[in-house]
Amino acid sequence: MPRTTSVSGIEVSVDHWVGGERLASDATFPDISPLDQQVLANVARGGPREVSAAVDAASAAFPQWAATPRTERAALLHAVAEGIEKRVDDLALVETLDNGGLLRSHRRSVIPRAAYNFHFFADFLLQLGHEDFETRGHRNHISWQPAGVTAVITPWNAPLMLATWRVAPALAAGNTVVLKPPEWAPLTASLLADITAEAGLPPGVFNVVQGIGEEAGAALVRDPRVRRIAFTGSVATARAIGHAAAENVIPVSFELGGKNPFIVFPDADLDLAVRHAVDQYDNAGQVCLAGTRLYVADAVYDEFLERFLQAAAAWRVGDPRSEDVDMGPQIHPDHLARIDGYVRRAKAAGATVLLGGGPHPELGGLYYQPTLLTNVADDSEINREEVFGPVIVLHRFTDEDEVIRRANDNIYGLAAMVFTGDRSRAERVADRLVAGTVWVNCFYVRDLRAPFGGARLSGIGREGGTWSFDFYAEVKNTVTAP
Ligand code: NAD
């Protein structure tokens, strides 16, 4: 008997999606809404049995999907994108109730981006050529071949968008997929399964196993039939997955955390820099790309700080369904406690609180205040580790070499933001920063043709455009004699 739950009137299956059918588990886990901490759904808790069934289904579907002409695969992926577009409002609301992100952002940008992930990789597939060149009269023919069953494991901060960013290119490349969504926000993945079925994706091409990371996720990455592992999440989990991948000698694509520098030079457009700096509190700070180490040049420090505090004071915290709100709750009580632990330890170590510094005094629940700390040592915990909450540390700096050295002095290397009016300085600094992406006088401008990923502990590999196909496909060279 298929089980569904009604989320604000929207029916969502709480079961797995395997081989084109719903599959239940004896055990369930509670999915709690960050808005009121009430149980939204009791979701099927998968383990080795369900994972094995999903990999069976994905393996069985692979030969036919891999042999499906590109034009047909692309048409089906466009149909999935259109299915997401038709259900933007439902998906946005379910996502907000599940992870606490802003409803208006979900409606206007995050869920449309999930649809675009499918449109983009469908189109890219059709223009993905092959390379040919000659060696002493021999022809080298380089092509992208489907690789097999792909495991996709994703976090809760943008569940549908991050899942589709991996699922779409994997399917485009001709692979079949088993997705393990985050246990703190599992519901939009279930709606995606419905959408793929309505779009006509053949059974077994896309599968979802719900469950806890250490159970369902761990079983999935250990399965020797899995040929690719795409993981977005924390470094600790990446280490565990990396061990499993090494055992089976499977390529991984890891998109992990960040503690990204945001640098404001004295010649920067301060209005622009302040606006983007305050935007780093977006999604309640639960963003891997957030610039949470803010370095401001001595010459403009006082003015910048004054304007930053003014802008941040106008930042409204509250119910993420409200149009007037800029920041909702944190995802989970454990996550709030983790953030607050970082801030408490920083204060005990001598940090000065310029803004916020604790749970929201009026709203209670899982609401945290946008927080700005200073007098923080470069080698302190709060300056080195990813908090993944609305906590920014502020530093002053004097010269270019100094700020580059301090910005690069971190275990991560995901992104960096540079604000300056001097183009040659921008180029010089961007060139020397250790980061997968550097944004100059802007933030979060993303073109899916561009490589995305992180240096150091921020990940392994790059995705986007050809880079995605390089990972999901087997790249083959056929050499033919004259
Ligand atoms: P997490 O590592 O705890 O969980 C991510 C996923 O891994 C979940 O689905 C979880 O169930 C699963 N998992 C946990 N243990 C597992 C195991 N042993 N084997 C297999 N799967 C397992 O991360 P999180 O707390 O959900 O997400 C936050 C992290 O994700 C932050 O570090 C953030 O920076 C990072 N992130 C990175 C990007 C990026 O693009 N680089 C984007 C978003 C989030």
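Residues numbered from 1 in each chain as written. Predicted model: local features only at pLDDT ≥ 70, side-chain atom pairs only at ≥ 80, totals over all residues.

### Some thoughts on the site of the ligand
Then comes step 1: Residues in contact with the ligand amount to 30 residues; listed here are only the nearest, P155, G213, G217, G233 and T237.
Then comes step 2: Residue assignment for the shell around the ligand shows that the elements contributing at least two residues are α7 (213-222) and α8 (235-248).
Then comes step 3: Per-element tally for the shell around the ligand: the top contributor is α7, with 5 residues.
Then comes step 4: Broken down by class, the residue content of the shell around the ligand amounts to 13 nonpolar, 12 polar and 5 charged.
Then comes step 5: Counting contributing residues per domain, the shell around the ligand is built from domain 1 (4-257 + 458-478) and domain 2 (261-440), each supplying no fewer than three. (Near = placed C-beta within 6 Å. Helix = DSSP H or I, 4+ residues; strand = E, 2+ residues; numbered from the N terminus. Nonpolar A, V, L, I, M, F, W, Y, C, P; charged D, E, K, R; others polar. Domains from an automatic or database assignment.)

### Side note on the packing of helix α3 (residues 88-99) against helix α4 (residues 103-127)
When two helices pack together, their arrangement is given by the angle between the helix axes and the distance between those axes.
Then comes step 1: Between α3 and α4, the shortest axis-to-axis distance is 9 Å and the interhelical angle comes to 120°. Between α3 and α4, the crossing angle belongs to the class labelled oblique. The handedness of the crossing between α3 and α4 is right-handed. Together, V88, D89, L91, A92, L93, E95 and T96 of α3 and L103, H106, R107, I111 and P112 of α4 make up the contact between the two elements.
Then comes step 2: In terms of residue class, the contact of α3 with α4 is built from 7 nonpolar, 2 polar and 3 charged. (Axes fitted to C-alpha atoms, helices over the stretch in contact; angles between N-to-C directions. Parallel < 35°, antiparallel > 145°, perpendicular 65-115°, else oblique. Left-handed = near helix turned anticlockwise from the far one by under 90°. Contact = placed C-beta atoms within 7 Å.)

### Quick word on the UniProt feature "domain: Aldehyde dehydrogenase" (unreviewed entry) in the chain
Then comes step 1: Following the UniProt record, the feature "domain: Aldehyde dehydrogenase" (unreviewed entry) maps to residues 26-477 here.
Then comes step 2: In the segment residues 26-477, helix accounts for 44% and strand for 21%; the C-alpha atoms at its two ends are 47 Å apart. (UniProt positions renumbered as here; feature names shortened; annotations may be inferred.)

### What about the UniProt feature "active site" (unreviewed entry) in the chain?
Then comes step 1: When the UniProt feature table is mapped onto this chain numbering, "active site" (unreviewed entry) sits at E255.
Then comes step 2: Within the secondary structure, E255 sits in strand β13 (residues 252-255).
Then comes step 3: In this structure, E255 is in contact with T232, G453, G454 and G459, ignoring residues within four places of it in sequence.

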